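Architecture and fold: a report
Residue strings, one per chain:
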Amino acid sequence: MPDEAARKQMAIDYAQRINAGDIEGVLDLFTDDIVFEDPVGRPPMVGKDDLRRHLELAVSCGTHEVPEPPMTSMDDRFVVTPTTVTVQRPRPMTFRIVGIVELDENGLGRRVQAFWGVTDVTMDGPAETTHSEGIRA
């Protein structure tokens, strides 16, 4: 099993790679049969093909992640990271999330759960509204 430092580094590597738009580098952090729930409560993505589509969308939306210091579990399996995620498209938004990653014996993520709800999202820019006359405000 990966040691505590390696588990914490995996979470940091994920954020650095997604911020760089390095989709292949992110995929290298996970098993082929990864189960990825973002957010928990929606159907999970299963496998690297599903995860690739999710990552491509995240990168195209200008996603940027700022993780807080990761925490681990005493059973050598988990890393937990509170993170602030910003996206630029379709409109600027900020998400406060907690990510939990279960790693396999090789240090690869086998399951990811991202916890966030509606009240954990803020809209950073002015809302674009359409009036009944079709005029944008």
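Given the structure is predicted, the values throughout are model-derived calculations rather than measurements.

1. Quick notes on the packing of aromatic side chains
Applying the stated rule across the entire model yields three aromatic pairs. A ring pair is formed by Tyr14 and Phe30, whose centres lie 6.1 Å apart and whose planes are at 80°; its orientation type is edge-to-face. Of this pair, Tyr14 sits in helix α1 (residues 4-19) while Phe30 sits in strand β1 (residues 30-37), placing them 16 residues apart in sequence. Residue classification places Tyr14 among the buried residues on the basis of a relative accessible area of 14%.

2. Examining the confidence of the model for the chain
Averaged over all residues, the pLDDT of the chain is 91; the fraction at 70 or higher stands at 91%. Counting contacts from residues 128-137, a segment whose pLDDT is below 50, to residues more than four positions away or on other chains yields seven contacts.

3. Here we look at the UniProt feature "domain: SnoaL-like" (unreviewed entry) in the chain
Mapped onto this numbering, the UniProt entry annotates "domain: SnoaL-like" (unreviewed entry) at residues 13-107. Helix makes up 26% of residues 13-107 and strand 39%, whereas the separation of the span's terminal C-alpha atoms amounts to 12 Å.

4. Points about the nonpolar core
Residues Tyr14, Phe30, Phe36, Leu51 and Leu55 are the most contacted members of the largest nonpolar core, which totals 19 residues. Of all the secondary-structure elements, those providing two or more residues to this core are α1, α2 (23-27), β1, α3 (48-60) and β6 (93-103). In terms of residues, this core owes the most to one element, α1, which gives four residues. Beyond its immediate sequence surroundings of up to four residues, Phe30 is in contact with Met10, Tyr14, Phe36, Lys48, Leu51, Leu108, Gly109 and Val112. Core analysis: the next-biggest nonpolar cluster, separate from the first, contains six residues, Val85, Val87, Ile97 and Val121 among them.

5. A look at the pattern of salt bridges
Oppositely charged side chains can form a pair if their charged atoms are brought close together. One pass over the structure, following the stated rule, counts ten salt bridges. Glu4 is the partner of Lys8 in a salt bridge, and the nearest nitrogen-oxygen pair spans 3.6 Å. In this pair, Lys8 and Glu4 are both assigned in helix α1, four residues apart and thus about one turn of the helix distant. Under the relative-accessibility criterion, Lys8 is labelled partly exposed at 29%. Note that Asp75 and Arg77 form a salt bridge whose closest N and O atoms lie 3.4 Å from each other.

Conventions used here
- Residues numbered from 1 in each chain as written.
- Predicted model: local features only at pLDDT ≥ 70, side-chain atom pairs only at ≥ 80, totals over all residues.
- Heavy atoms only, no water.
- Phe/Tyr/Trp six-rings, centres within 6.5 Å; stacked < 30°, edge-to-face > 60°.
- Helix = DSSP H or I, 4+ residues; strand = E, 2+ residues; numbered from the N terminus.
- Buried < 20%, exposed > 50% of the residue type's maximum accessible area, 1.4 Å probe, protein only.
- pLDDT = per-residue confidence, 0-100.
- Contact = heavy atoms within 4.5 Å.
- UniProt positions renumbered as here; feature names shortened; annotations may be inferred.
- Core = buried A, V, L, I, M, F, W, Y, C linked by side-chain atoms within 4.5 Å.
- Salt bridge = Lys/Arg side-chain N within 4 Å of Asp/Glu carboxyl O.

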